[in-house]
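Geometric and topological summary
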Amino acid sequence: MRIAICVKEVPDPTAEKRIDAGTNRLVRSGENTLNPYDRHAIEAAVQIKEGPAPDTEITVVTVGPESASRSVDRALAQGGDQSVHIADDAAAGSDLLGTARILAAALKRGGYDLILLGQQAADSESYVMAGMVAELLELPCVTQAASIELGDGAVTVKRQVETGYDTVKATTPCVVSVSDAINDPRYPPLPAIMGAKRKPHEVLSLADLGVDAGAVGAAGAGTSVSGLSKPEGRGDTIVIEDDGSAAEQLVAFLIEKKVVA
Amino acid sequence: MAGIAVLCEVQGGEIAKGSLGVLEEAARLGAALGEPVEAIVCGSGLDDAAMGALGGFGASKVRVADDAALASGIAQPVVDACASAQESGQYRYWLAGASIMAADAMAGLAARLGAGIVIDAVELHAEGGALVTRRSGLGDSVLAHCGFTTPVGVVVTRSNAFAATEGTGGSAPVERFSPSFKAYSQAVQLVGHEDAEDSGPDIGAAEVLVAGGRGLGDAAGFGPIEECAAAFGGAVAATRAVVDAGWYPYSAQVGQTGKTVTPKLYIACGISGAIQHKVGMQGSGTIVAINKDKNAPIFDYADFGIVGDVTTVVPKLTELIKARG
Ligand SMILES: Cc1cc2nc3c(=O)[nH]c(=O)nc-3n(C[C@H](O)[C@H](O)[C@@H](O)COP(=O)(O)OP(=O)(O)OC[C@H]3O[C@@H](n4cnc5c(N)ncnc54)[C@H](O)[C@@H]3O)c2cc1C
Ligand SMILES: Cc1cc2nc3c(=O)[nH]c(=O)nc-3n(C[C@H](O)[C@H](O)[C@H](O)COP(=O)(O)OP(=O)(O)OC[C@H]3O[C@@H](n4cnc5c(N)ncnc54)[C@H](O)[C@@H]3O)c2cc1C
């Protein structure tokens, strides 16, 4: 079976982030990393390959600047066989719609049986890319999968909804986004990290995919940010490092606040 | 393009509370923009009188797609229904609250219409004759004023951003329409459903909640959390990550897909603090966070944060609270 995983490079969630006051875009020049939620999608694909479908071929697909190749390698080290990286200056400033259009064009070309995404991106905390890509590809879609089972030209997925857990069955080819509880992604061993660079990498432009540059990037964005402001904060936060007395300090705080008597 | 369509979701035979709040907010926006607001309801076996009551929450008309294909709460047939409604209605904006189904449906609709989409909007403003949302980002440290450049704009609002009132008791005319469904939209079938059992303690009523996340390590990690909650005379809450993993029951889940709670004290243990968790507990009186990563987003909205290991801090806290009797 042929599996594609959409992976995104995001600013390191543990580093401080800021938005450029001129362009109103996230400054992406700092320390970047593979979206942690996407590691669960990769692990899900690897488990399919190790289990029910050993002849599986895993392709990692990303949209991002050339520098995002580091995150592609990181994804490949975790278990991908090859990568497709759409890097084009005209793609810069893509919003959800533009990114979905580029991803869909790249995915269509690959003819995959299963397209996996993370539950959300750590920078934007949206969770709709799977639904958008599936619609553009005219494929069935299941989001937020807590488990995936393969069989008979279909995937069976358990997923949380507001009233409990649904079990749904989707025919393949289909698009599935996975919950961060679906598995525990492994950390790749050093040789896998070293070997990732030597796996086949395809770097494509928008023209290679036949994507109209005017429909994506800043030019094709459906949303526009006209200003930024500061939300109301919660107020003062006391943060202490535990030196063995943290519980005592917390209880003193709770007594002072009259939360405990 | 004219008018605002609000996707109103049916959960357990009733319109979801979240949808009512969004509908009322849409009515305020519609008044400011001079745009009529229509409610779109998708389901099966829907009652006209119940749907007409959406008029009491600001809808000037209620358009109902009633079809067996819409019974299961699967999103893609709803995309087809919304696209049919759009064909005849030519709406300028689509709004929906943040449920699993509605977010997926709005994602599909935006893609089909080539419309810009804003996720997690916390405010809706009329500016220069158009809708400009406030979309918070970067762990809620900044509010982006985000509008649309496409003829149609799609918005999914943040959970609990707009609380519903009791409504005016008015009603609106109900019009039924028949969507046409795409083959791929019907390729996802609901084959089973487990209802969230509400057998555990009622976390909504507890004055103190001690909440556990994946940082507890495994299901057994909830033992010390339960002891701590008992010492406070409170209950245990959980994140989706641990509920999805089967460590703790669904009925204890707090957040976007789970419950919204407002205890006097919320102690988050080994919880990173994702927005989807935050929306369910940020109204708590005092928020305490215990996390070993000093950069965890939970510290941004805690009153008291401890950078430390839950396995050492929590048992000590339990002993101290027990000792106070
Ligand atoms: C704070 C902030 C707020 C934003 N708000 C909006 C908004 O409301 N509307 C809007 O249109 N844009 C918004 N954007 C821009 C948008 O996040 C990105 O430009 C665009 O890449 C959309 O992806 P996402 O990460 O939001 O998708 P998500 O739905 O969060 O991503 C889910 C999954 O999609 C896949 N994926 C996402 N991006 C890529 C990619 N580039 N390559 C491969 N796979 C990918 C991954 O598997 C990921 O796990 C925002 C950006 C920021 C920083
Ligand atoms: C549509 C949608 C709906 C969602 N609905 C919900 C919802 O209703 N409720 C919800 O909670 N989530 C929801 N989520 C998921 C949410 O985005 C996060 O994935 C989830 O909240 C993460 O749970 P967590 O904090 O337990 O796990 P993680 O994010 O993995 O965080 C674990 C934390 O534990 C810390 N830690 C690890 N070990 C220790 C230790 N020994 N001591 C102290 N700290 C430690 C780590 O530093 C980390 O910060 C939803 C997501 C989507 C996309």
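Everything quoted here is computed from the prediction, not taken from an experiment.

Here we look at the overall build of chain B
Secondary structure summary: chain B contains eight helices and 17 strands in total. Its C-alpha atoms give chain B principal-axis dimensions of about 65 × 45 × 40 Å. When the 325 residues of chain B are sorted by exposure, 60% land in the buried category. Only carbon and sulfur atoms are counted for the fraction: they give 50% of the accessible area of chain B, which is about 11,600 Å².

Topic: the pattern of salt bridges
As a working rule, side chains carrying opposite charge can pair if their charged atoms are close by. Residue and element names in this part refer to chain B. Enumeration over the complete set of coordinates arrives at 26 salt bridges over all chains. Arg240 is the partner of Asp244 in a salt bridge, and the nearest nitrogen-oxygen pair spans 3.8 Å. With a gap of four residues between them, Asp244 and Arg240 both fall in helix H6 (residues 240-244), about one helical turn apart. Arg240 carries the same exposure label as Asp244, and that label is buried. Taken together, the shared-partner salt bridges connect Glu38, Lys61, Arg63 and Glu175 into one network.

Here's the deal with the domain arrangement of chain B
Residue and element names in this part refer to chain B. Annotation of chain B at the domain level lists domain 1 (4-186) and domain 2 (208-324). Once you take the C-alpha centre of each, domain 1 and domain 2 turn out to be 33 Å apart. Facing eight residues of domain 1, the contacting portion of domain 2 comprises six residues. Together domain 1 and domain 2 conceal approximately 650 Å² of surface at their shared face, both sides included; 48% is due to carbon and sulfur atoms. Counting across the domain 1 and domain 2 interface gives one salt bridge. A salt bridge links Lys278 to Asp140; the nearest nitrogen and oxygen atoms lie 2.6 Å apart. Joining domain 1 to domain 2, the criterion identifies three residue pairs in polar contact (both at pLDDT 80 or more).

Points about empty space enclosed by the protein
For the structure shown, the criterion picks out one cavity of 30 Å³ or more. Taken as a whole, the largest cavity encloses approximately 160 Å³ of empty space. Forming the boundary of the largest cavity are 17 residues, of which A:Cys141, A:Val142, B:Ala75, B:Gln76 and B:Asp104 lie nearest the centre. Broken down by secondary-structure element, the contributors of at least two residues to the lining of the largest cavity are helix H4 (129-137) and strand E7 (141-151) of chain A together with helix H3 (75-89) and helix H4 (100-113) of chain B.

Here we look at the state of the cysteines
Applying the stated criterion across every chain, the model contains zero disulfides over all chains. Here A:Cys6 stays unpaired: no disulfide links it, and the sulfur of A:Cys141, its closest cysteine neighbor, is 11 Å away. With a relative accessible area of 7%, A:Cys6 lands in the buried category. The structure places no disulfide on B:Cys42, whose sulfur is separated from the nearest cysteine sulfur, that of B:Cys82, by 4.9 Å. B:Cys42 sits in the buried class, given a relative accessible area of 11%.

Brief notes about the nonpolar core
Counting 67 residues, the largest nonpolar core has A:Ile86, A:Leu107, A:Ile115, A:Met132, B:Leu7, B:Trp94 and B:Met106 as its most contacted members. A total of nine residues in this core trace back to one element, the largest contributor, which is H4(B). The residues touching B:Trp94, leaving out its near neighbours within four places in the chain, are B:Ala5, B:Ile40, B:Cys82, B:Ala85, B:Gln86, B:Met106, B:Leu109, B:Val152, B:Gly153, B:Val154 and B:Val155. In terms of nonpolar packing, the next biggest core, distinct from the first, is built from 37 residues, A:Leu254, B:Ile225, B:Val313 and B:Leu317 among them.

So, the interface of chain A and chain B
The interface of chain A with chain B comprises 80 residues on the first partner and 88 residues on the second. Together chain A and chain B conceal approximately 7,100 Å² of surface at their shared face, both sides included; 56% is due to carbon and sulfur atoms. On the surface where chain A and chain B come into contact, there are five salt bridges. For the salt bridge of A:Asp180 with B:Arg214, the shortest nitrogen-to-oxygen distance reads 3.1 Å. On the surface where chain A and chain B come into contact, there are 47 residue pairs in polar contact (both at pLDDT 80 or more).

Digging into the site of ligand 2
Taken together, 31 residues sit near ligand 2, with A:Asp180, B:Thr239, B:Val254, B:Ser272 and B:Asn291 positioned nearest. Here an oxygen atom of ligand 2 and a backbone polar atom of B:Arg214 are 2.8 Å apart. Between ligand 2 and the protein, one listed contact pairs an oxygen atom with a side-chain N or O atom of B:Thr239 at 2.7 Å. In isolation ligand 2 offers 990 Å² of accessible surface; the protein chains occlude 90% of this area.

Digging into the packing of aromatic side chains
Applying the stated criterion across every chain, the model contains five aromatic pairs over all chains. A centroid spacing of 6.1 Å and a plane angle of 45 degrees characterise the contact between B:Tyr93 and B:Phe148, whose relative ring orientation is tilted. With B:Tyr93 in strand E6 (residues 93-96) and B:Phe148 in strand E9 (residues 142-148), this pair connects stretches of sequence that are 55 residues apart. On the basis of relative accessible area, B:Tyr93 is assigned to the buried category, the value being 4%. Here the basic side chain of A:Lys158 rests over the ring of A:Tyr165, its NZ or CZ set 5.0 Å away from the ring centre. B:Arg63 extends its terminal NZ or CZ atom over the ring of B:Phe177, reaching a point 5.0 Å from the ring centre.

Each value, and the rule that gives it
- Residues numbered from 1 in each chain as written.
- Chains lettered and ligands numbered in written order.
- Predicted model: local features only at pLDDT ≥ 70, side-chain atom pairs only at ≥ 80, totals over all residues.
- Heavy atoms only, no water.
- Helix = DSSP H or I, 4+ residues; strand = E, 2+ residues; numbered from the N terminus.
- Buried < 20%, exposed > 50% of the residue type's maximum accessible area, 1.4 Å probe, protein only.
- Areas by Shrake-Rupley, 256 points an atom, 1.4 Å probe, with all protein chains shown as cover.
- Salt bridge = Lys/Arg side-chain N within 4 Å of Asp/Glu carboxyl O.
- Domains from an automatic or database assignment.
- Contact = heavy atoms within 4.5 Å.
- Buried area = accessible area lost by both parts, 1.4 Å probe.
- Polar contact = N/O pair within 3.5 Å; in protein donor to acceptor, adjacent residues only side chain to side chain.
- 1 Å grid on protein atoms, 1.4 Å probe; cavity = no way out; pocket = protein on both sides within 12 Å on 5 of 7 lines; lining within 4 Å.
- Points joined across faces, edges and corners; volume = space filled by probe spheres on them.
- Disulfide = S-S within 2.5 Å.
- Core = buried A, V, L, I, M, F, W, Y, C linked by side-chain atoms within 4.5 Å.
- Near = heavy atom within 4 Å.
- Phe/Tyr/Trp six-rings, centres within 6.5 Å; stacked < 30°, edge-to-face > 60°.
- Lys NZ or Arg CZ within 6 Å of the ring centre and 35° of its normal.

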